[in-house]
Amino acid sequence: MAVRAVQSNIEKVPDFVHMNDLACESTGAKVLFATDDWFATAENLLKSEAPQWKAHEFTNFGKWMDGWETRRKRIPGHDWCVIQLGVPGVIHGIDVDTSYFTGNYAPRMSIQAACLKADAVPDLMLRGERIGTAASEVESEAIGKLKSEVWTELVPMTILQPGYVDTCHNYFPVQLQKRWTHIRLNMYPDGGIARLRLYGIGHNDWSAVSQRQTVDLAAMTNGGVCMGFSNAHFGHPNNIIGIGRSKVMSDGWETARRLDRPAVLKADDQGILQVPGCEWAIFKLGHPGVITHIEIDTSHFKGNFPDSCLIEGCAITPEEERKCIDAEWKSCASLKWKILLPITKLKPHQQHFFSIKMEDVATHTRLTMRPDGGISRMRLLGHPSPLLPVNL
């Protein structure tokens, strides 16, 4: 990160950053159009990993930058791009990250959005390798059919801060809670942005899903989202409800090593380590439902998998959920958690499958690992239910 004296009043990270990134490349999000990709392509905006800095790296077109950077504009207008979300959904907040763009960041930006049907999107040319290029007249005419300039405004034209460590994250809450499929990012007039994070919750059409149909109730594509956790030192719990199987260890939930572990570890008769502490994450299901099958995948976690895990479920109201979030889930003794999967020994780099007998409807689940470690995926398969019980 670019170095300078750090301000003491760094803004607190907003809660919405713990939601799913609906525009991450790992979800299938893609850039449909960009006016200019001279120094660095717009696809970099969607990378899942944090921006990097390579001081001595240059391309044939200038300084290598890990983001989207356009040329210094010498014609009328401003630069913009159109992005198709990987998971259509409700955007709760946005992070426009200018990391490492210090003398070349975009001075201002705005964001617009639309909810489009598939047949409303024209056939567009594959972008391919775009560095050192600008959009052609044919590409501009094709994207013009979307009339993105009149899409709904989520963030008005706003001044951005440079990409220093204490100013690079430009956070914007979104008040308009509607389902979106596409966004338009405008830069005024040009410059660079490292990453664009669109935090929110996937929106599934549950009216088209039968109550007898088996679906992953916790999947981010179905509206599942992490609502709280104890530790996410190496990887966020939201990763474990992501699309497909993880390809790398970083695409999972991994905690720090707990410091309260005994100096000499001991196990019970079942081979489960007896430790005082644990790590946990709480997930809101995309739809209330009855869970029938569970998958815990520790792929890529070979020397750092949890010794065991426990999964519980409960049904709570939105009001109860809000109180628990405000309390960071630490003083919610009134919640009646019911065991779905008892404490179970786990193995490294392996998918674990379980069938369970559950009759009650759950709205939330809690995954507990002991003592610490990493899990790549969690699948909670079951049947959606339209009714919420009083107690689970």
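Refer to the structure above for everything that follows.
Quick look at the structure, then. Treat the numbers as computed from the prediction; the structure is a model and nothing was measured. (Residues numbered from 1 in each chain as written. Predicted model: local features only at pLDDT ≥ 70, side-chain atom pairs only at ≥ 80, totals over all residues. Heavy atoms only, no water.)

## Remarks on the pairing of strand S10 (residues 179-188)
By the criterion of burial, S10 is predominantly enclosed, with nine of the ten residues buried. The pairing of strand S6 (residues 79-97) with S10 spans eight bridges and is antiparallel. Within the sheet, the bridge partner assigned to Gln84 lies in S10 and is His182. (Buried < 20%, exposed > 50% of the residue type's maximum accessible area, 1.4 Å probe, protein only. Helix = DSSP H or I, 4+ residues; strand = E, 2+ residues; numbered from the N terminus. Pairing = 2+ DSSP bridges.)

## Some points on helix H1 (residues 137-144)
For H1, the full list of buried residues reads Glu139, Ala142 and Ile143. For H1, the arc enclosing every buried residue in end-on projection is 90 degrees, short of the 170-degree limit, so these residues lie on one face. Projecting away from the buried face of H1 at angles above 90 degrees are the exposed residues Glu137 and Glu141. On its buried face, H1 is in contact with strand S2 (30-34) and S6. (Arc of directions from axis to C-beta. Contact = heavy atoms within 4.5 Å.)

## Brief notes about the pattern of salt bridges
One pass over the full model with this rule turns up 20 salt bridges. Lys284 is the partner of Glu321 in a salt bridge, and the nearest nitrogen-oxygen pair spans 3.7 Å. Taken as a pair, Glu321 in helix H2 (residues 318-326) and Lys284 in strand S16 (residues 279-297) lie far apart in primary sequence, 37 residues in all. For Lys284, a relative accessible area of 33% gives the class partly exposed. (Salt bridge = Lys/Arg side-chain N within 4 Å of Asp/Glu carboxyl O.)

## Observations regarding the side chain of Gln112
Mapped onto the fold, Gln112 is located in strand S7 (residues 108-114). A distance of 3.2 Å separates a polar atom in the side chain of Gln112 from the backbone oxygen of Trp151. Side chain to side chain, Gln112 and Asn186 meet in a polar contact 2.9 Å long. When residues no more than four places from it in sequence are discounted, the contact partners of Gln112 are Ser148, Glu149, Val150, Trp151, Thr152, Glu153, Leu154, His182, Ile183, Arg184 and Asn186. (Polar contact = N/O pair within 3.5 Å; in protein donor to acceptor, adjacent residues only side chain to side chain.)

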